[in-house]
Amino acid sequence: MSSVVIKSTEEIVSCSDNGQHPLIYISLKPGNGQCQYCGQKFIRTTTNTSENNEKIAA
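All figures in this text were calculated on a predicted structure; none of them were measured in a lab.

Rules of the game
Residues numbered from 1 in each chain as written. Predicted model: local features only at pLDDT ≥ 70, side-chain atom pairs only at ≥ 80, totals over all residues. Heavy atoms only, no water. Helix = DSSP H or I, 4+ residues; strand = E, 2+ residues; numbered from the N terminus. Buried < 20%, exposed > 50% of the residue type's maximum accessible area, 1.4 Å probe, protein only. Contact = heavy atoms within 4.5 Å. Areas by Shrake-Rupley, 256 points an atom, 1.4 Å probe, with all protein chains shown as cover. Salt bridge = Lys/Arg side-chain N within 4 Å of Asp/Glu carboxyl O. Core = buried A, V, L, I, M, F, W, Y, C linked by side-chain atoms within 4.5 Å.

Student: Whenever I open this one, the overall build of the protein confuses me. Can you help?
Tutor: Broken down by element type, the protein carries 1 helix and 5 strands. The secondary structure elements of the protein, listed N-terminal to C-terminal, are β-β-β-β-β-α. Looking at the protein as a whole, 22% of its 58 residues are labelled buried. Contacts spanning at least 24 positions in sequence make up 35% of the contacts within the protein whose residues lie at least 6 apart. Split by element, the accessible area of the protein, about 4,500 Å² in all, is 49% carbon and sulfur.

Printed below as a string of structure tokens:
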């Protein structure tokens, strides 16, 4: 099991631990999730805040 938390901007991520277990899809809609097979943790992040500020100002 990896102690690294994978950050993603997507709502759904996949995990197969490089083919070590069946491919599953994990919803990050609550903000985070964890693989039921290998325990890999995922967290949902937003885009870069400076990019967001530029879009709001435009």
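Student: Explain the pattern of salt bridges here, please?
Tutor: Oppositely charged side chains can pair when the atoms bearing their charge come close. In this structure the tally under the stated criterion is 1 salt bridge. Taking the shortest distance from any N to any O, the salt bridge between R44 and E11 comes out at 3.6 Å. Here E11 lies in the loop between β1 (5–8) and β2 (12–15) and R44 lies in strand β5 (residues 41–44), a separation of 33 residues in the sequence. Residue E11 is classed as partly exposed on the basis of its relative accessible area, which comes to 35%.

Student: When you look at the nonpolar core in this model, what are you seeing that I'm missing?
Tutor: For soluble globular proteins, nonpolar side chains are generally found buried alongside one another. If you look at the biggest cluster of nonpolar residues, it comprises 8 residues: V13, C15, I24, I26, L28, C35, C38 and F42. Elements supplying a minimum of two residues to this core: β2 and β3 (24–27).

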